[in-house]
Amino acid sequence: MKRVLLKLSGEALAGEKKTGFDEATVIGVSKQIRSIVEDGLQVGIVIGGGNYWRGRTSETINRNKADQIGMLATIMNCIYVSDICRYLGLKTEIYTPFACGTFTKLYCKDEVEKDFAEGKVVFFAGGTGHPYFSTDTATVLRAVEIEADAILLAKAVDGIYDSDPKTNPNAVKYDEITIDEVVAKKLAAMDLTASIMCMEQKMPMLVFGLEEENSIVNAVHGKFSGTRVTV
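Residues numbered from 1 in each chain as written. Predicted model: local features only at pLDDT ≥ 70, side-chain atom pairs only at ≥ 80, totals over all residues. Heavy atoms only, no water.

Peer 1: Would you take a moment to explain the packing of helix α5 (residues 135-145) against helix α7 (residues 192-201) for this structure?
Peer 2: When two helices pack together, their arrangement is given by the angle between the helix axes and the distance between those axes. In contact at an axis separation of 8 Å, α5 and α7 are set at 20° when each is read in the N-to-C sense. Judged on the interaxial angle alone, α7 and α5 are roughly parallel. The two elements α5 and α7 meet at a crossing, and its hand is left-handed. Across from Asp136, Thr137, Val140, Leu141 and Val144 in α5, the residues of α7 making contact are Thr193, Ala194, Met197, Cys198 and Gln201. Along the lines of polarity and charge, the residues of the contact of α5 with α7 split into six nonpolar, three polar and one charged. (Axes fitted to C-alpha atoms, helices over the stretch in contact; angles between N-to-C directions. Helix = DSSP H or I, 4+ residues; strand = E, 2+ residues; numbered from the N terminus. Parallel < 35°, antiparallel > 145°, perpendicular 65-115°, else oblique. Left-handed = near helix turned anticlockwise from the far one by under 90°. Contact = heavy atoms within 4.5 Å. Nonpolar A, V, L, I, M, F, W, Y, C, P; charged D, E, K, R; others polar.)

Structure below.
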């Protein structure tokens, strides 16, 4: 692989606290990112906002507003992780689909290509910029746009199961599954809109647990214990 889109779970970055950031976790993740960049891989990153906000669970505010808050949560996450990456010596850039003053740059595919050529890690914050679309959908959209070889889906769960392992102790994990099966069975790898887009655009995925030691590096080098999603 020459270029990947890494999707990080906001909840996973929170560690055991379940909210905000666990700095040790973020530093560990950033060190892995540095490792694969030093190996010559071009890395784009999308981060979820679940460590701050899950608007779809709120019944007291308008869905549009809830999703806007979620977009802002992803921007905070990207700024934080980007700066930890910079602390470790990486060059980074953050793009959003809407203007955020001087905090980020407005998304432009040509500018992203220049950044990759310069060895920068590129963060895609703010989702798609529209309500009703999750960061999963934004992940697939950006992966297709930047012509990534695969999506690395780093979650709080260590792969794709036939049912929710949090509620079903007998849930069975798939080592490998086609994206067609994921869609047909409505498995919770990512939301259904994103899964269908992966199927239509033939975008493969590697789904694994972020908490596992060297999980990102192992996924890149094919030594992982998660789920491989083929197209």
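Peer 1: I keep staring at α7 and nothing clicks. Help me out?
Peer 2: Three or more residues of α7 are buried, namely Ala194, Ser195, Met197 and Cys198. On an axial view of α7, the arc spanned by its buried residues comes to 160°, and they lie on one face. Each element contacted by the buried residues of α7 is listed here: α5, β6 (150-155), α6 (179-184) and β8 (205-209). Between the side-chain oxygen of the N-cap and the backbone nitrogen of Thr193 there are 3.1 Å, and the N-cap of α7 in question is Asp191. Following α7 by one or two positions, Lys202 adopts a phi angle in the positive range, close to 55°. (Buried < 20%, exposed > 50% of the residue type's maximum accessible area, 1.4 Å probe, protein only. Arc of directions from axis to C-beta. Polar contact = N/O pair within 3.5 Å; in protein donor to acceptor, adjacent residues only side chain to side chain.)

Peer 1: Even after reading the chapter, I still don't get the sheet that holds strand β4 (residues 105-106), so can you show me in this structure?
Peer 2: In spatial order, the strands read β4-β3-β5-β2-β1-β6-β8-β9-β7; together these nine strands make up an open sheet with mixed pairing. The open sheet terminates on both sides in strands that have one partner only, identified here as β4 and β7 (176-178). Along the sheet, helix α2 (residues 23-38) contacts β1 (3-8), β2 (42-47) and β5 (121-124); its crossing angle with β2, the most-contacted strand, is approximately 155°. (Pairing = 2+ DSSP bridges.)

Peer 1: I tried to follow the pairing of strand β3 (residues 92-96) on my own but got confused; where do I start?
Peer 2: Put simply, side chains in a regular strand alternate between the two faces of the sheet. In terms of residue burial, β3 counts as a mostly covered element, since five of its five residues are buried. Covered by surrounding structure in β3 are Thr92, Ile94 and Thr96 together with Glu93 and Tyr95, the residues of both alternating faces. As paired strands, β3 and β5 are joined by four bridges and run parallel to one another. From the neighbouring strand, Tyr95 faces β5, where its bridge partner is Phe124. As paired strands, β3 and β4 are joined by two bridges and run parallel to one another. Note that in β4 the partner of Thr96 across the bridge is Leu106.

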